[in-house]
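Summary of the model geometry
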Amino acid sequence: MKAYSDFYLPYVSESLGVMFELAVKQGVDPICFWNTFIVSYVAKQIEEGNPKYLSLSGIDYLDEIYKGKKEKFTNKKIEFNHFYWSGWILACFQQRTGYSFFKINEHLPIEEVFRLYPALHEADVTKFYAIACSFFKKDKKTKLRKMREANALSQSQLAKLADVDLRSIQMYEQRRNDINKAQAMTLFKLSKTLNCRIEDLLEEDEK
């Protein structure tokens with residue numbers, strides 16, 4: 001689900017590219033800067049599709065992020081190097097998927113984006129999307145499986161201790177059945193056996 005209308009994407013992607021480029025030109029460590037950005041109010045407003053923030057310039061973003069601090073940013077000629085491209089392409093990916101910048105960075109760290117630049121900066125954006133999505137698929141374990149393994153239990157042991165059908169547990173862990181739609185009693189018995197909250201087993205879509 002797209003984060004906001006395609007109409008704003010050219011403005012946001014350009015501004016994020018400019019923002020990143022300017023920050024680095026001012027001597028800010030690129031990884032530290034990106035980690036600052038992804039938890040900033042600016043990032044949150046972009047993710048929520050706030051029209052005001054979708055129309056701001058890269059310099060405006062920097063001013064907002066460093067509000068109250070001494071850093072000064074001036075307008076300079078922007079080169080299409082990997083910092084500009086990284087900000088630009090991640091803006092495109094965020095808008096397309098609706099994921100938060102923080103969540104994207106959890107699966108696809110900014111260092112990985114830098115490494116993709118030589119091969120992809122002149123390619124169609126869909127190639128980046130395909131590779132970026134593959135990073136999200138690497139961690140295929142469900143929360144149920146993670147909690148079960150953390151408790152050093154096999155599927156059959158969990159089924160016996162929780163009095164839950166083994167096949168159900170297998171289907172939930174394979175994502176063939178949606179655990180979010182499981183019966184309340186099933187979730188209760190699983191959470192009690194695994195010493196966790198019911199919420200810890202649900203596969204909510206974290207933005």
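Residues numbered from 1 in each chain as written. Predicted model: local features only at pLDDT ≥ 70, side-chain atom pairs only at ≥ 80, totals over all residues. Heavy atoms only, no water.

For the rest of this paragraph, the subject is the pattern of salt bridges. Using the criterion set out here, one finds 11 salt bridges in the structure. Residue E173 is joined to R148 by a salt bridge in which the shortest nitrogen-to-oxygen separation is 2.6 Å. Here E173, found in helix α12 (residues 166–173), pairs with R148, found in helix α10 (residues 143–150); they are 25 residues apart in sequence, far enough to count as distant. Ionic pairing is found between D200 and R197, a salt bridge with its closest N-O pair at 2.9 Å. One network of salt bridges, with partners in common, ties together K141, R145 and E149. (Salt bridge = Lys/Arg side-chain N within 4 Å of Asp/Glu carboxyl O. Helix = DSSP H or I, 4+ residues; strand = E, 2+ residues; numbered from the N terminus.)

The tally for this structure, following the rule as stated, stands at 0 disulfides. Of all cysteine sulfurs in the structure, the one in C92 sits closest to C133, which takes part in no disulfide; the separation is 13 Å. Assessed through its relative accessible area of 32%, C133 is described here as partly exposed. (Disulfide = S-S within 2.5 Å. Buried < 20%, exposed > 50% of the residue type's maximum accessible area, 1.4 Å probe, protein only.)

Bringing the packing of helix α8 (residues 110–120) against helix α9 (residues 125–137) into the picture now. Between α8 and α9, the least distance of the axes is 11 Å, while the angle of their chain directions is 150°. Note on packing geometry: the crossing formed by α8 with α9 is right-handed. The segment α8 lies against α9, with E112, V113, L116 and L120 engaging K127, F128, I131 and F135. Looking at the contact of α8 with α9 residue by residue, the classes come out as 6 nonpolar, no polar and 2 charged. (Axes fitted to C-alpha atoms, helices over the stretch in contact; angles between N-to-C directions. Left-handed = near helix turned anticlockwise from the far one by under 90°. Contact = heavy atoms within 4.5 Å. Nonpolar A, V, L, I, M, F, W, Y, C, P; charged D, E, K, R; others polar.)

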